[in-house]
Amino acid sequence: MPPKKRNSGTTQNKELKPGVESASLDKSPELSLKKHRDKDAEFVSLCKGLHVTDLVCDRAWTLWKTVQDSKEMVFESQKNLWGACLFVLVTDMDAACFTITQVLKAVGLNVKQFVGVVRKLDVNLDTISTKVDSALTRLEKKYDVTRALYQRFEKTCKEIFALVSDGKERETMRSCWTMFLLAKGRALQMEDDLVISFQLLLCTLEFCIKRCPPDLLQPLYKSAISQVQSPQTRTSCRNKSKAKSRPVEPEVDLQLLNTLCKENECNAEEVRNVYQTSFLAFLDSLDLSSSPDFPQVNDLNQQYDEHYLKTRDFDGRLFFDRDETVLAPKVEISQVERTPKKNQLDDDAMLIPPQTPIRAAMTSIQQLRGDLNSSGDQPSTNLATYFKNCTVDPTQGVLKRLETLGQAFSQRFGEAVGPRCVVLGRQRFTLGVRLYYKVMEAMLKSEEKRLSVQNFSKLLNDSTFHTSLLACALEVVMATYGESSFKTGGYNNNSGEAAETNVCFPWILDVVDLAAFDFYKVIESFIKADPTLSKDIVKHLETCENLIMERIAWRTGSPLFELLKQEHEGGAAEQVETPASFSQPLQHNHTAADLYLSPMRPGMRVLPPESSAMHISQASSQPLTQPAGPTSRQPKSNSLSLFYKKLYRLAYTRLKILCSYLLSNHPELEPIIWTLFQHTLQHEHELMRDRHLDQLMMSAMYAICKVKSVDLRFKTIVTAYKNMANTNQETFKHVLISEGHFDSIIVFYNQVFMQKLKTNILQYASTRPPTLSPIPQIPRSPYKFPNSPLRVPGSNNVYISPLKSPRMSPGIMTPRSKMLVSIGESFGLSNRFQKINQMVNSSSERSFKRTLDLGSTPKPLKRLRFDVDGQDEADGSKSGGDSTLIQKLAEMSSTRSRMQEQKIKEEAESRKE
């Protein structure tokens, strides 16, 4: 039964006509009160108010009973939890009973609070399905984007509209905001795309400003409107019949649009393209293309009502009314919004704008486009010379490949973002091509300097190399525009989210048909070849690399498995990377050229001096001579060896974090767990097929604790794991058991991991356990940031950094500390130097206190219902007590000492041998 129609009024009190709502939501029969006498009357009343079915009511009540006694829920009100249970069931069942705003109103929460309550509901780790988790992620991201857009809209409107006595400007602003929400909903499938949404907002403002009375506009925008505009509704007599069939499209007021773009630091060319493609199509759908009048607010509201109910979303109009359901909690202030607006050390300090999400996005895009302005859409003269110097000129192959992939990328981008966004996809691709050419030229210059050759025929005719380099460039562009992120932990499947609306990595690999293992080969060289990449983009690419090593490279069909097979069948060394190398820093001389063309280690080949530089351009990649020995072994693959080096370091880093959460009282277990973990990756790599690195990590931890009689439950491991960075619940809820069959991590342990490694696991309980694997040396980051601040020796709060470009002077950058100074630029009075000295001196006298946010050992959850085999012990044990910071540091120090002793012992034994 549809909700009753309320009295018309402001947007937040306005409900839909019954006909509209019944067409959008399920036509469910009225809730039968007789069937629910066994339930709490207030719960039944809530269900009735939200128009849920009897089936939803029953299942939500059952769900509520399963979490009713949970200690984690004691601070939440019953009504909040009831609303969360109803949301979970409605989402899982695809029952269009109510909208997000309706349930928020019913339980009295805002979006952020409600998302938090629903996530807390997952007390048994199987209450929230991956489908619900994905819906929550999309809701939260869309809310964050809409809130950021409204904040910019409100700020911009103050600069556009003049205050008048009758409040006419508020009515105009409300219509403009509603029109934008409707345009975003109809033009974009990915409504959480911040950049394109903001560009649509500027298009909407341009449309509304042209139709405003002059007295409503501030002088800047009153003068920005072109005095001579093409009449938008006049048509000649002979064209009247055509005009009836298709309205005449209004011309964009370029002067006005350019002013809007300039004031909002947005690229005018991109906004014009959005206007001509997506926005004009939207105007056509509302029959507004040929109308010189301002759209009617009632018509806009009715159209938006239909969209809002169809999507079962939150009502974006409520931002305009500062409704409590869309207001952010007062304590929620992001780091960027805490940035000081003014350098308060001196009176002559420069005013600096806050780094809001939109400003950050526009700045990043402006920087990317600025860096690529000098790069053309065709190979530069230097790059063309490299092509001509090749034995086989790759030019035609490069151009043909770009044409094919450009069409594929633009088409897939349009399918994902919006039906009219193919042109925008072409824009992204064009930027990607410029970056691709720029980085390729830098790579070749570096190779020429390193090898003293100019003929790179084999490399430049390698299709995989070009596709990987282009894919990396496109990923950089997508990440800069905010269209590729890791909200889903890199999972694009089984998350409940339509694949065609998810362009997060590894989407680009599917678009260009590239194996993740091949993509990984180019990442490090790409970063080194382009020093203008921002730290955020470098971190993004590093996360891509981690995702590849954790999961994506282990998918069935990956070339990684073929390489591993060749290593073991071809007489290669017994292990892809020797543990002895773990203690060495992660330093290597491999470039992308080495990884794509030469599967052998350089140390295994003997090259004459005059030909040592030619290996890249030779057709054969086999070693010229083999070292003498009793058996002839194939050298190891450079790409595989480096992959495993990085894999081991990533694996140990994640294990160390998890151990710090859970086993601070048992530091002696960490190296033992690592030994089992490393053994699995080395000798049982088939366990990684279509699985995740962390699944083996958690299983190894549980196995060792089991044989060492340490009381650590799987439920506790999973609870701690959820607090680690870049994790996703699919990792422990959706684990491959056998072909086509998935289950929880505990089932995987019992039926797969333990069965495969039982003999090895039991050895750790014997009096002669296996030799411990060396601990890898973990660098801060495998990538150096040439533009990152470096700490001044002897100081804890003074950093220096090279000036990247004139655009990034202190007057433009936003400081996150008290003072930002560029040596060589005028920055005020001489007393600033004195203050710098004071900072250095005072910081050297004070101790720098580090805060290790390790927390205490997570409390085991009340029950773990997915422990279906009963192999996880019964509930009721007490977890270890809270550990103090000093104890944790002492334990970590003890662990390091043991590791060092083990290393010395092994080195001594190796010398004896």
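This structure is a prediction, so every number in the text was calculated from the model and none was measured.

Cut-offs and rules
Residues numbered from 1 in each chain as written. Predicted model: local features only at pLDDT ≥ 70, side-chain atom pairs only at ≥ 80, totals over all residues. Heavy atoms only, no water. Helix = DSSP H or I, 4+ residues; strand = E, 2+ residues; numbered from the N terminus. Buried < 20%, exposed > 50% of the residue type's maximum accessible area, 1.4 Å probe, protein only. Contact = heavy atoms within 4.5 Å. Areas by Shrake-Rupley, 256 points an atom, 1.4 Å probe, with all protein chains shown as cover. pLDDT = per-residue confidence, 0-100. Pairing = 2+ DSSP bridges. Salt bridge = Lys/Arg side-chain N within 4 Å of Asp/Glu carboxyl O. Axes fitted to C-alpha atoms, helices over the stretch in contact; angles between N-to-C directions. Parallel < 35°, antiparallel > 145°, perpendicular 65-115°, else oblique. Left-handed = near helix turned anticlockwise from the far one by under 90°. Nonpolar A, V, L, I, M, F, W, Y, C, P; charged D, E, K, R; others polar. Arc of directions from axis to C-beta. Polar contact = N/O pair within 3.5 Å; in protein donor to acceptor, adjacent residues only side chain to side chain. Expected span 1.5 Å × (residues − 1). Core = buried A, V, L, I, M, F, W, Y, C linked by side-chain atoms within 4.5 Å. Phe/Tyr/Trp six-rings, centres within 6.5 Å; stacked < 30°, edge-to-face > 60°. Disulfide = S-S within 2.5 Å.

A. Spatial organisation of the overall build of the chain. Assigned secondary structure in the chain consists of 33 helices and four strands. Classification of the 913 residues of the chain by burial places 52% in the buried group. Of all intrachain contacts in the chain linking residues separated by at least 6 positions in sequence, the fraction that spans at least 24 positions is 75%. Of the accessible surface of the chain, which amounts to about 43100 Å², a share of 50% is contributed by carbon and sulfur atoms.

B. Spotlight on the confidence of the model for the chain. Scored by pLDDT, the chain has a mean of 77; 68% of the residues are at 70 or more. A low-confidence stretch, residues 228-249 stays under pLDDT 50, and its non-local contacts, those more than four residues away or across chains, total 23 contacts. Predicted confidence is poor over residues 843-857, with pLDDT under 50, and the contacts of this stretch with residues over four places away or in other chains come to 22 contacts.

C. Spotlight on the pairing of strand E1 (residues 735-738). The pairing of E1 with strand E2 (residues 741-743) spans three bridges and is antiparallel. When the bridges of E2 are listed, Leu 736 appears paired with Phe 742. Connecting E1 to the antiparallel partner E2 that follows it, the hairpin turn spans two residues, and Gly 740 within it adopts a positive phi of roughly 80°.

D. Summary view of the pattern of salt bridges. In this structure the tally under the stated criterion is 37 salt bridges. Asp 192 is paired through a salt bridge with Lys 141; the nearest N and O atoms lie 4.0 Å apart. In this pair, Asp 192 is assigned in the loop between helix H8 (168-187) and helix H9 (194-210) and Lys 141 in helix H7 (residues 130-160), connecting sequence segments 51 residues apart. The exposure class of Asp 192 is buried, given its relative accessible area of 16%. Lys 141 gets classed as buried once you look at its relative accessible area, which sits at 17%. Two residues, Arg 713 and Asp 711, come together in a salt bridge whose shortest N-O distance is 2.5 Å. What makes Arg 713 buried here is its relative accessible area of 7%. Among the residues examined, Asp 711 registers a relative accessible area of 46% and is labelled partly exposed. Through salt bridges with shared partners, a single network forms among Lys 112, Arg 119, Asp 133, Glu 140 and Asp 144.

E. Representation of the packing of H7 against H9. For the pair H7 and H9, interaxial distance at closest approach is 11 Å and the crossing angle is 30°. It follows that H7 is roughly parallel to H9 by the angle criterion. With respect to the hand of their crossing, H7 and H9 are arranged in right-handed fashion. Between H7, through Val 145, Ala 148, Leu 149, Arg 152, Phe 153, Thr 156, Cys 157 and Ile 160, and H9, the contact on the second element is made entirely by Leu 194, Ser 197, Phe 198, Leu 201, Leu 205 and Ile 209. The residue inventory of the contact of H7 with H9, partitioned by class, reads eleven nonpolar, two polar and one charged.

F. Main features of helix H2 (residues 41-49). Looking at H2, one finds that the buried residues are Phe 43, Val 44, Leu 46 and Cys 47. On an axial view of H2, the arc spanned by its buried residues comes to 155°, and they lie on one face. Turned more than 90 degrees from where H2 packs its buried face, Ala 41 and Glu 42 sit exposed. Contact partners of the buried residues in H2: helix H3 (54-67), helix H4 (78-93) and helix H5 (100-107). Its side-chain oxygen 2.8 Å from the backbone nitrogen of Glu 42, Asp 40 forms the N-cap of H2. Backbone geometry just downstream of H2 places His 51 in the positive-phi region, at approximately 60°.

G. Representation of helix H14 (residues 297-311). Over its 15 residues, H14 runs 21 Å from end to end, which matches the ideal 21 Å to within 8%, given 1.5 Å per residue. Those residues of H14 that fall on the buried side of the exposure criterion are Leu 300, Asn 301, Tyr 304, Asp 305, His 307, Tyr 308 and Leu 309. Once H14 ends, the next one or two residues include Arg 312, with phi positive near 55°.

H. Broad picture of unusual backbone geometry. In this chain, Phe 505 is followed by Pro 506 through a cis amide linkage whose omega measures 15°. Turning to its location among the elements, Pro 506 is positioned in the loop between helix H20 (463-480) and helix H21 (507-511). Positive phi outside glycine occurs at Glu 265, with the angle close to 55°. For Glu 265, the location among the structural elements is in the loop between helix H12 (254-263) and helix H13 (268-285).

I. Structural context of the nonpolar core. Among the nonpolar cores identified, the biggest contains 244 residues, and Phe 526, Phe 643, Leu 658 and Met 701 are the most heavily contacted of them. Among the elements that line this core, the one with the most residues is helix H26 (residues 638-662), at 14 residues. Beyond its immediate sequence surroundings of up to four residues, Met 701 is in contact with Leu 655, Leu 658, Cys 659, Leu 662, Leu 663, Ile 673, Leu 712 and Ile 717.

J. Seen up close, the side chain of Gln 427. Topologically, Gln 427 is positioned in helix H18 (residues 422-451). Judged by relative accessible area, which is 13%, Gln 427 ranks as buried. With sequence-adjacent residues up to four places away left out, Gln 427 is seen in contact with Glu 269, Glu 270 and Asn 273.

K. A look at the environment of Ala 60. Tracing the sequence through the fold places Ala 60 in helix H3. The buried category is assigned to Ala 60, whose relative accessible area is 0%. With 17 residues separating them along the chain, Ala 60 and Phe 43 place their C-alpha atoms 9.7 Å apart. Those residues in contact with Ala 60, other than ones at most four positions away along the chain, are Phe 43, Cys 85, Leu 86 and Leu 89.

L. Structural context of the packing of aromatic side chains. For the structure shown, the criterion picks out 41 aromatic pairs. Measuring from ring centre to ring centre gives 5.5 Å for Phe 43 and Trp 82, while their planes differ by 75°; the resulting arrangement is edge-to-face. Placement of the pair is Phe 43 in helix H2 and Trp 82 in helix H4, with a sequence separation of 39 residues. Using a relative accessible area of 1% as the deciding quantity, one classes Trp 82 as buried.

M. Examining the packing of helix H27 (residues 669-683) against helix H28 (residues 693-707) more closely. Contact geometry for H27 and H28: axes closest at 9 Å, N-to-C directions at 130°. Relative to H28, the element H27 lies oblique. Along this stretch, H27 crosses H28, giving a crossing that reads as right-handed. Of H28, the residues touching H27 (which contributes Leu 669, Ile 672, Ile 673, Leu 676, Phe 677, Thr 680 and Leu 681) are Leu 693, Leu 696, Met 697, Ala 700, Met 701, Ala 703, Ile 704 and Cys 705. Residue classes in the contact of H27 with H28 are distributed as 14 nonpolar, one polar and no charged.

N. Representation of the environment of Gln 729 within the structure. With respect to the helices, strands and loops of the structure, Gln 729 is situated in the loop between helix H29 (714-721) and helix H30 (730-733). Once the C-alpha coordinates of Gln 729 and Ile 128 are considered, the two residues, 601 residues apart in sequence, prove to be 9.4 Å apart. Residue contacts for Gln 729: discarding those within four places in its chain leaves Asp 122, Ile 128, Ser 129, Thr 130 and Asp 133.

O. Summary view of the environment of Leu 216. Take Leu 216: it is sitting in the loop between H9 and helix H10 (219-224). Residues Leu 216 and Ile 160, spaced 56 residues apart in sequence, show a C-alpha to C-alpha distance of 8.4 Å. Other than its neighbours up to four places away in sequence, Leu 216 contacts Ile 160, Phe 161, Ala 162, Val 164, Lys 168, Glu 169 and Thr 172.

P. Inspection of the state of the cysteines at higher detail. One pass over the structure, following the stated rule, counts zero disulfides. The thiol of Cys 85 is unpaired, and the distance to the nearest cysteine sulfur, on Cys 47, comes to 9.8 Å. By relative accessible area, which is 0% here, Cys 85 ends up buried. Its sulfur unpaired, Cys 659 is 7.8 Å from the next cysteine sulfur, which belongs to Cys 705.

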